[in-house]
Amino acid sequence: MNYCFLGKFNLALDDKCRMRLPAKLRAAIGTGYVVMYGADCLSVMPKEDFEALNEKFRSIPYSDVEARRAVSDILGNAFEPEEDAQGRFVIPKHSRDYAAIVKNVVVVGAGNIIEIWGEERYEKTHTVSSYADKLKALAQYGI
């Protein structure tokens with residue numbers, strides 16, 4: 001799949017803790033996707049990318065207890081959203097708690113994934129003091 005998720009969108013959960021992905025991101029992600037814990041946020045990835053990740057998980061031997069527990073935590077908290085007729089899905093309480101989502105969310109297209117952030121956490125962790133500093137952090141990857 002050839003895609004690059006872009007943009008930042010401010011949204012609010014409805015009274016039933018539902019949201020919908022912004023139309024541009026929803027069109028790009030296709031028909032199936034998985035939501036899982038990310039780095040202080042929720043990460044959304046196309047189903048086929050998630051299946052490729054799961055193939056890597058399958059190669060971890062059962063004798064590596066620490067790695068298997070990590071896989072169990074990752075997969076145990078991941079979910080495939082069930083959208084209603086308006087394209088909304090519920091974010092489970094455990095996921096809202098993990099990502100510090102109360103009502104307002106920030107949805108970010110982050111290249112190969114989509115991130116869903118609690119608004120306050122996003123504002124605390126994504127201050128823009130200098131893009132030069134951000135580019136320095138990427139230099140080790142040849143960017």
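Criteria and thresholds
- Residues numbered from 1 in each chain as written.
- Predicted model: local features only at pLDDT ≥ 70, side-chain atom pairs only at ≥ 80, totals over all residues.
- Heavy atoms only, no water.
- Helix = DSSP H or I, 4+ residues; strand = E, 2+ residues; numbered from the N terminus.
- Rg over C-alpha atoms; globule rule 2.2 N^0.38 Å.
- Buried < 20%, exposed > 50% of the residue type's maximum accessible area, 1.4 Å probe, protein only.
- Contact = heavy atoms within 4.5 Å.
- Areas by Shrake-Rupley, 256 points an atom, 1.4 Å probe, with all protein chains shown as cover.
- Lys, Arg positive; Asp, Glu negative; His and termini not counted.
- Charge placed at Lys NZ, Arg CZ, Asp CG, Glu CD.
- Pairing = 2+ DSSP bridges.
- Axes fitted to C-alpha atoms, helices over the stretch in contact; angles between N-to-C directions.
- Polar contact = N/O pair within 3.5 Å; in protein donor to acceptor, adjacent residues only side chain to side chain.
- Core = buried A, V, L, I, M, F, W, Y, C linked by side-chain atoms within 4.5 Å.
- Salt bridge = Lys/Arg side-chain N within 4 Å of Asp/Glu carboxyl O.

Peer 1: Got a minute to help me understand the overall build of the protein chain in this structure?
Peer 2: In terms of helices and strands, the protein chain carries 6 helices and 7 strands. Starting at the N terminus, the α and β elements of the protein chain follow one another as β-β-α-β-β-α-α-β-α-β-β-α-α. Over its C-alpha atoms the protein chain spans a radius of gyration of 16 Å, differing by no more than 12% from the 15 Å that the globule rule assigns to 143 residues. With respect to the principal axes defined by its C-alpha atoms, the protein chain has extents near 45 × 45 × 30 Å. The 143 residues of the protein chain split such that 33% are buried. Counting contacts in the protein chain only where the partners sit at least 6 residues apart, residues at least 24 apart contribute 57% of the total. Summed over all atoms, the accessible surface of the protein chain reaches about 9000 Å², with 52% contributed by carbon and sulfur. Each charge sign in the protein chain was given a centre, from 19 positive and 20 negative side chains, and these centres are 3 Å apart.

Peer 1: What should I look at first to understand the sheet that holds strand β1 (residues 8-12) in this one?
Peer 2: Strand-to-strand pairing in sheets goes through backbone hydrogen bonds, with the strands running parallel or antiparallel. Across the sheet, 5 strands lie side by side as β1-β6-β7-β4-β3; this open sheet has antiparallel pairing. Pairing within the sheet leaves two strands with one partner each, and these edge strands are β1 and β3 (33-37). Ignoring which end each strand starts from, the neighbouring axes of this sheet average 25 degrees apart. Relative to strand β7 (residues 113-118), strand β6 (residues 104-110) runs antiparallel, the two being bridged by 6 bridges. In the strand pairing of β7, V105 is matched with G118. Together, β3 and β4 (42-46) form the strand contacts of helix α2 (residues 47-58), whose direction differs from that of β4 by roughly 100 degrees.

Peer 1: Sorry, what's going on with the environment of S59 here?
Peer 2: Checked against the element boundaries, S59 lands in the loop between α2 and α3 (65-77). Residue S59 is classed as exposed on the basis of its relative accessible area, which comes to 58%. As for S59 and A99, which are separated by 40 residues in sequence, their C-alpha atoms are 29 Å apart. There is a polar contact of 2.6 Å between the side chain of S59 and the backbone oxygen of K56.

Peer 1: Got a minute to help me understand the nonpolar core in this structure?
Peer 2: One recurring pattern in soluble globular proteins: nonpolar side chains tend to sit buried together. Residues M19 and I116 are the most contacted members of the largest nonpolar core, which totals 21 residues. Elements with a contribution of two residues or more to this core: α1 (23-29), β3, β4, β6 and β7. With near-sequence residues (within four places) excluded, M19 lies in contact with L11, L13, G87, R88, F89, I91, V105, V107 and I116. With 6 residues, the next largest nonpolar core counts V34, M36, M45 and I113 among its residues.

Peer 1: In this structure, what is going on with the side chain of E115? I would like to understand it.
Peer 2: Looking at the element boundaries, E115 is found in strand β7. The buried charged residue E115 lacks any salt bridge partner; its closest oppositely charged side chain belongs to K8, at an N-O distance of 11 Å. Within the local environment of E115, its side chain forms a polar contact with the side chain of W117, the two groups lying 3.0 Å apart. Not counting chain neighbours up to four residues away, the residues in contact with E115 comprise C41, L42, V106, V107, V108 and A110.

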